[in-house]
Amino acid sequence: MEQMRIKLDFNNMLAEYVGNDGITIAEVDRLAGKIKAANQAMMQKREKMQWRDLPHNQADVVEEILAYANEIRPKIKALVVFGIGGSALGPIAVQQAIHSPYYNLSEKYRNGNPQLFVADNIDPATISHLLELVDLKDTLFSVVSKSGSTSETMAQFMIIKDILERKLGKDTARKHIVCTTDRENGNLIKIAKEEGYKTFYIPSGVGGRFSQLCPVGLLPAAICGIDIKKMLEGAAYMNELTRNDNIWQNPAYIYAILHYIAMKKGKNISVMMPYADSLKYISDWYAQLWAESLGKKYDNNGNVVNVGQTPVKALGVTDQHSQVQLYMEGPFDKIMVFVGVDDFPRDVPIPKSFEDIPSVGFLGGHSLAELLLAEQAATEYALQQSGRMNMTITLPEVNEHTIGQILYMLEVATAYAGELLNIDAFDQPGVEAGKDATYAYFGRPGYDAKRAEMEAQPKKNPKYII
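The sections below set out a description of the structure shown in this document. (Residues numbered from 1 in each chain as written. Predicted model: local features only at pLDDT ≥ 70, side-chain atom pairs only at ≥ 80, totals over all residues. Heavy atoms only, no water.)

Burial analysis of strand S7 (residues 269-274) places six of its six residues in the buried class, the great majority of the element. Here S7 shows a buried face lined by Ile269, Val271 and Met273 and a second buried face lined by Ser270, Met272 and Pro274. Relative to strand S10 (residues 310-313), S7 runs parallel, the two sharing four bridges. Bridge assignment links Met272 to a residue of S10, and that residue is Lys313. In this structure, S7 lies alongside strand S11 (residues 334-341), joined through six bridges in parallel fashion. Bridging from a neighbouring strand, Ile269 pairs with Lys334 of S11. (Buried < 20%, exposed > 50% of the residue type's maximum accessible area, 1.4 Å probe, protein only. Helix = DSSP H or I, 4+ residues; strand = E, 2+ residues; numbered from the N terminus. Pairing = 2+ DSSP bridges.)

Here it is as structure tokens:
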């Protein structure tokens, strides 16, 4: 496990490396009281953090998932996941990390596993094309909603249920639907029981953006041949590392503390920039985790604080040519989080040619992996020389074990940052406000007052629409 341990290098967050705009050890030391309180809260608030037990308490669930995956896999050619937010971003991130980026395009990359499509939006053109692409009789549709009232997911479910029953018959249709939802509460569990769908359960204390390591993420991963036991082993290993109250030895805690201090110093943007295509969607998943958890109007005492840090997704080396100019010379309002890999599963040599053109020929005799790693190191160095704070998470290699580690580390870091900010990292009232307005627009029962409130607002002035 030590060989597969991910590393967090935060040297370039410190003033001794980046100059006056960096963080001093004294600044960290001055937070001793707040850090002690946060450490205690992380132990005391476990009822809101049941996701922390997922690496250890799912042995029976994992066996059930694997049994179902082994049963269903030979019968299908495609798996379509209907979900949004964490129900979509987590499965996409893990799939992209473990499998070839061209997994869906060729059977030689799938090794007998089904194609995976995650329908994480309700654009009607996209959904129509997807339903034309897959063969219903060879496709499993996975519906993921803890509450069973997620409008987007339930609309998709209603559409596919109708199509399946009309084209395949009701008895056959039910074999093409699997549900992941709350065990007792909500609309979807009621429907699943009435219709007889195979169902997996989301633990009651696990919210959507913290759900990748429960059946929400484990089921599609297992069906597509990803080793979910190794992923949970990686998370369990990181769980042990993040139990340490010594912040200098706890990667999640120090990650959160340095971000917290950076926020206090006006760094309200956090850019995550993986230097591997396989990790591109880790930053998408992280963006929801960080933004939805920490962006809050009120603190735990009811004070208006309007805190939060805006996460930005980038990709090395692609975004060296589109974003890094801003990060290097623009406002001092950002920190960079690089995510790198020591050992790529494949490499491509660069042949020696054009030796008469030194500005090109120098590349010969190296490889694409060497070039990618050099560009990452060079960008880190250039930012450090420009006095810009940055840190680096490094995976020894990309596999299920290391992916389990990074997912779990970032979840703990997010929860810890919430304690430092004195906010509830596990609710999302801003999201609920938008949902309520949608329900009112569509005439959902019980939302008449909201609809009346919306209709009472001043009408848009046509002269301001050009």
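So, about a nonpolar patch on the surface. A surface patch of nonpolar side chains, about 240 Å² in accessible area, is lined by Val348, Leu368 and Leu371. Positionally, Leu371 belongs in helix H17 (residues 368-385). (Patch = residues over 30% accessible without salt bridge, like charges linked within 9 Å, V, L, I, M, F, W, Y side chains within 5 Å. Areas by Shrake-Rupley, 256 points an atom, 1.4 Å probe, with all protein chains shown as cover. Salt bridge = Lys/Arg side-chain N within 4 Å of Asp/Glu carboxyl O.)

Looking at the secondary structure, you find Pro220 in helix H11 (residues 215-223). The exposure class assigned to Pro220 is buried, which follows from its relative accessible area of 4%.

Moving on, we come to the sheet that holds S10. Pairing is mixed in the open sheet, where five strands are placed in the order S1-S12-S11-S7-S10. Two strands in the sheet have a free side with no partner beyond their single neighbour: strand S1 (7-9) and S10. With direction set aside, neighbouring strand axes in the sheet form an average angle of 20°. As paired elements, S11 and strand S12 (residues 390-395) share six bridges and run parallel to each other. Note that in S12 the partner of Val339 across the bridge is Ile393. Against the sheet, helix H14 (residues 280-294) touches S7 and S10, its axis set at about 160° to S7. (Axes fitted to C-alpha atoms, helices over the stretch in contact; angles between N-to-C directions. Contact = heavy atoms within 4.5 Å.)

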